[in-house]
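Chain by chain, the residues:
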Amino acid sequence: RGGLTSTDRWRAACSNVEMPSNSEIVRHALGLENEEVPEELLPERPGQRDEPAMPGVTEECGKRWPGEGCPGISDFEVCQRGVDDGTMTPEHRCCAELEREVQCMSQDCFAQHVGFLIRGDVRGGISSTERWRAACSNVEMPSNSEIVRHALRLAHGELPE
């Protein structure tokens, strides 16, 4: 199950690429190409090709998604390692790229973007967001409450204001 959340993130980030559904991936991984995958092996929110790539994300924000209408962080894995191990500073190119991304997307769309990415693990996602906020203190980011609001809405549907 854990690997599928990563697949869902790739599917959302690369919405221009047609990817197999989660059930197709599981079937192939288990060598069951021609068989039905048991329900308990599928993710809790299986991705389907006919579902929108980013369900719940506003159309405006979808157009501003990193790699779509706005620049993203060019080497996210390297940047995340620097954030996680505490070596990232506001002067680093990753912070400059984050700042360009937030400015291009807008505060609300960036909050939707992060909310979408962390919707399966809100606590862990906010912890990571806090490390980014500390490392790139020069970047104005949306509040945690705004990000969590979007994450919960995207994971569970509309919430009362």
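Draft legend 1. Broad picture of unusual backbone geometry. Even without a glycine there, the phi angle at Ser106 is positive, about 95°. Of note, Ser106 is situated in the loop between helix H5 (93-105) and helix H6 (107-118). Classification of Ser106 by relative accessible area gives partly exposed; the value is 23%.

Draft legend 2. Up close: the state of the cysteines. What the rule picks out here adds up to 4 disulfides. Disulfide pairing is shown between Cys70 and Cys104; the S-S distance is 2.0 Å. Judged by the sign of its S-S torsion, about -80°, the cystine formed by Cys70 and Cys104 is left-handed. Linking Cys70 in the loop between helix H3 (59-63) and helix H4 (76-85) with Cys104 in helix H5, this pair joins segments that are 34 residues apart in sequence. Residue classification places Cys104 among the partly exposed residues on the basis of a relative accessible area of 30%. With its sulfur 2.0 Å from that of its partner, Cys95 forms a disulfide with Cys136.

Draft legend 3. Local environment of the packing of helix H7 (residues 122-135) against helix H8 (residues 144-156). Interhelical geometry of H7 versus H8 gives an angle of 150° and a closest axis separation of 11 Å. Crossing geometry of H7 relative to H8 is assigned as right-handed. Counted together, Val122, Ile126, Thr129, Glu130 and Arg133 of H7 and Asn144, Ile147, Val148, Ala151 and Leu152 of H8 form the full contact between these two elements. Across the contact of H7 with H8, the residue classes break down as 6 nonpolar, 2 polar and 2 charged.

The rules behind the values
Throughout, residues of each chain are indexed from 1 in the direction in which the sequence is written. Per-residue local features of the predicted model are confined to residues with pLDDT of at least 70, and side-chain atom pairs are confined, for both listing and counting, to 80 or more; whole-chain, interface and lining totals are unaffected and use all residues. To get the side-chain values, all heavy atoms of the structure are used, and hydrogens and water are removed first. Numbering goes from the N terminus for both helices and strands, where a helix is a DSSP run of H or I of at least four residues and a strand is a run of E of at least two. Burial classes follow relative accessibility: with a 1.4 Å probe on protein chains only, a residue under 20% of its type's maximum area counts as buried, one over 50% as exposed, and anything between as partly exposed. The term disulfide is used for any two cysteine sulfur atoms that are within 2.5 Å. Lines fitted to C-alpha atoms define the axes, with helix axes restricted to the stretch in contact, and inter-axis angles between N-to-C directions lie between 0 and 180 degrees. Left-handed is the label given to a crossing in which the near helix is rotated counterclockwise from the far helix by less than a right angle, and right-handed is the label when the rotation is clockwise. Here a residue-residue contact requires only that any non-hydrogen atoms of the pair lie within 4.5 Å. Residues are grouped as follows: Ala, Val, Leu, Ile, Met, Phe, Trp, Tyr, Cys and Pro are nonpolar; Asp, Glu, Lys and Arg are charged; all remaining types, including Gly, are polar.

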